[in-house]
Amino acid sequence: MAKAVSPRKKDLPAPLSIRLYAPGMTPLLRAGAGGLAASLRAILGSASPAAPWPSPVRLGPGMATVEREAIHLDWGGEAPAATLRALFGASFQVKQGFIDLPGTRSPGAPEPPPELAAALHDALKVTFLQHGKSTQGGARRRVTFEVDAQPVIVESQGYDSFVHQTAWQSVLEALEAGATSLASWAYPGAAERHIGVRVTKVEYTAAEALCACFALVGCVSYKLPQLRGGAFVALAPTNLVRFAELRPGLTPKRLRDVAVAGASDAVLAAQLVMAQEAGKKRLGDVLGTTEAVALRQMPWNAQQKIRGAVVRQDAVREEVLDRYEAAAAALPHTLRVRKPEGKAKGEASYFIATSALRAFITENLAASRPWYAGFATATTAEGRFIHDYRDRDNLGALLWHERKGLIAMHPYLGEAEQWLVQSVHLALRSRFKSIYADTKESAPATRSNRLKGERERLRLSFAGAKTPEQVRAALADLWSRAGTNRELQEHWRDILPLLGPERWRAARDLALVALASYQGKGGEAAELEDADEAAGASEQS
């Protein structure tokens, strides 16, 4: 009699290896590999605080090891589901209704304050987790804190769970079937180009799917208040071990730093923080390509925020970070109290105000252009001119306190560019003194109108110049009206090339930079106060 043969046990998938430079590994997927490494470090720190990094990390029956350019997952002789479930369960959590990603915090570090946790939670909601189906349940959370000694309340939609917590099933599907599909929560902006045409469908191998899931950890998500959207930065590491150590430092520690002024601001902000953590000289040993994606609503799709801008940098340049650091310090994001409108009774809330000038400067820096390039013609998304000061009945975008930002960037002008700006400053001072002298016996309102009118006349003269001849004529008119100009007399040979056919646009931009950044000895005084003080000093002398 033949002996019965037991059914053969299903073969287990081979161990999974994720390699940074494997075909198909985009910057976002490499950032996801960095997020996986950071999550494994957090798991190790929680389970074995004394274990050195990188040590093997126990995940249920399986084990994970992190190397400089690869991560290896071994299933421990069991089905991969047990290992993947343990990995995802420890890496994607919800605490008090807010999304919690241990890989974005240093092991043993305290949890962020509720208002910061709410802001980080909302930043994820406007980037990776936009679609309603990517999150489930949860009550609205109310958080009370103070802004400028005033109590404010912020409400945020809490969640019971989110899609990443069960996404290990998609990785398991890829292990068994060879590929799987993931929605936009894994790779914002990636979509099937032609419905029904399989070759245009976005599919992932098991390694790619795992990286896409952990992009939520490896990328840094920000709010984008000016465009009512969000932005995320994918930092592609060159060293997974070191990136895992540095990733917690990328998480904003202050509420105002959760917002950015644009995609360029986002990419440079993330690079600067990474440089401060790793050292500017050694940043290239840790970080490769950096890509920022701005997501905003478009007229043809009001239901979901889609890609509005992409900024990519393949190398980190120290001089660019130095310039950005100066601009960010002079033009910080600020917290503002939003009170109920009119006489309506209600609770005050807050918002993060970002600078349009900072967005303009960082866009130039990220594109390797002079920081002032295009100052004469640049506008905001609402069509307001960057070079003009904002008033209730004009199209200016510049705020008076942002003059500090322009002044802080003067040292980053070339020598000839600085002479041109200083010559315009001297001419402006002379013109304002003259107007003050002419209106000394007039009413303050008359003097103010004359000064504002002169500033506006000069602004229109420079901004309206469309040819080299018109730029030269506008500058010559100012210099001739102002009288003797020491800077111009001593450095006219240096300034002259700026007025030629090759660089006349730069001269136009610099003239408007000089006009917008002009100030007297009184610091941040408006032009009326500048003229008063300058004229007073002239009389005393």
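What you see is a predicted model, and the numbers here were worked out from it, not measured in a lab. (Residues numbered from 1 in each chain as written. Predicted model: local features only at pLDDT ≥ 70, side-chain atom pairs only at ≥ 80, totals over all residues. Heavy atoms only, no water.)

On to unusual backbone geometry. Going from tryptophan 53 to proline 54, the amide bond is cis rather than trans, its omega being 5°. Its place among the elements puts proline 54 in the loop between helix 1 (27-47) and strand 2 (57-59). Despite not being glycine, glutamine 96 has its phi angle at roughly 55°, a positive value. Along the chain, glutamine 96 falls in the loop between strand 5 (93-95) and strand 6 (98-100). Glutamine 96 sits in the exposed class, given a relative accessible area of 66%. (Helix = DSSP H or I, 4+ residues; strand = E, 2+ residues; numbered from the N terminus. Buried < 20%, exposed > 50% of the residue type's maximum accessible area, 1.4 Å probe, protein only.)

Attention shifts here to the sheet that holds strand 4 (residues 70-74). Taken together, the four strands give an open sheet; going across it, the order is 1-4-3-2, and neighbouring strands pair in antiparallel fashion. Each end of this open sheet is capped by a strand with a single partner; those strands are strand 1 (16-19) and strand 2. Pairs of neighbouring strands in the sheet enclose a mean axial angle of 20°, with direction left out of account. As paired elements, strand 2 and strand 3 (residues 62-66) share three bridges and run antiparallel to each other. When the sheet's bridge partners are listed, valine 57 is paired in strand 3 with alanine 64. (Pairing = 2+ DSSP bridges. Axes fitted to C-alpha atoms, helices over the stretch in contact; angles between N-to-C directions.)

For the coordinates displayed, the defined rule picks out 22 salt bridges. Arginine 312 is paired through a salt bridge with glutamate 291; the nearest N and O atoms lie 3.8 Å apart. Placement of the pair is arginine 312 in strand 14 (residues 301-313) and glutamate 291 in strand 13 (residues 287-298), with a sequence separation of 21 residues. For glutamate 291, a relative accessible area of 12% translates into the label buried. (Salt bridge = Lys/Arg side-chain N within 4 Å of Asp/Glu carboxyl O.)

Turning our eyes to something else, we now look at the environment of glycine 288. Inspection of the secondary structure puts glycine 288 in strand 13. Taking the relative accessible area as the measure of exposure, glycine 288 reaches 14% and is therefore buried. Each C-alpha atom of the pair glycine 288 and valine 152 lies 41 Å from the other, and the pair is 136 residues apart in sequence.

Okay, the confidence of the model for the protein chain next. Taken residue by residue, the protein chain gives an average pLDDT of 87. The fraction at 70 or more is 90%. Segment residues 4-9: pLDDT under 50, and zero contacts once partners within four positions in sequence are set aside and those in other chains are kept. (pLDDT = per-residue confidence, 0-100. Contact = heavy atoms within 4.5 Å.)

The subject of this paragraph is the layout of surface pockets. There is about 580 Å³ of room inside the second largest pocket. Arg105, Pro112, Ala117, Leu120 and Thr251 are, among the 31 residues lining the second largest pocket, the residues nearest its centre. Of all the secondary structure elements, the ones that give two or more residues to the lining of the second largest pocket are strand 6, helix 3 (114-125), strand 11 (220-224) and helix 6 (240-250). Among the elements that make up the lining of the second largest pocket, the one with the highest residue count is helix 3 (seven residues). In terms of residue class, the lining of the second largest pocket is built from 18 nonpolar, six polar and seven charged. (1 Å grid on protein atoms, 1.4 Å probe; cavity = no way out; pocket = protein on both sides within 12 Å on 5 of 7 lines; lining within 4 Å. Points joined across faces, edges and corners; volume = space filled by probe spheres on them. Nonpolar A, V, L, I, M, F, W, Y, C, P; charged D, E, K, R; others polar.)

Glancing now at the packing of helix 1 against helix 2 (residues 80-91). Closest axis-to-axis distance for the helix 1/helix 2 pair is 10 Å, and the angle between their directions is 85°. Considered as vectors, helix 1 and helix 2 are oriented roughly perpendicular to each other. Judged by residue contacts, Leu36, Ser39, Leu40 and Ile43 of helix 1 engage Leu87, Ala90 and Ser91 from helix 2. For the contact of helix 1 with helix 2, the class distribution of residues is five nonpolar, two polar and no charged. (Parallel < 35°, antiparallel > 145°, perpendicular 65-115°, else oblique.)

Note that asparagine 485 resides in the loop between helix 13 (468-482) and helix 14 (486-495). A polar atom in the side chain of asparagine 485 sits 3.3 Å from the backbone nitrogen of glutamate 487. Apart from residues no more than four positions distant in its own chain, asparagine 485 is found in contact with Ser423, Leu426, Ala427 and Trp479. (Polar contact = N/O pair within 3.5 Å; in protein donor to acceptor, adjacent residues only side chain to side chain.)

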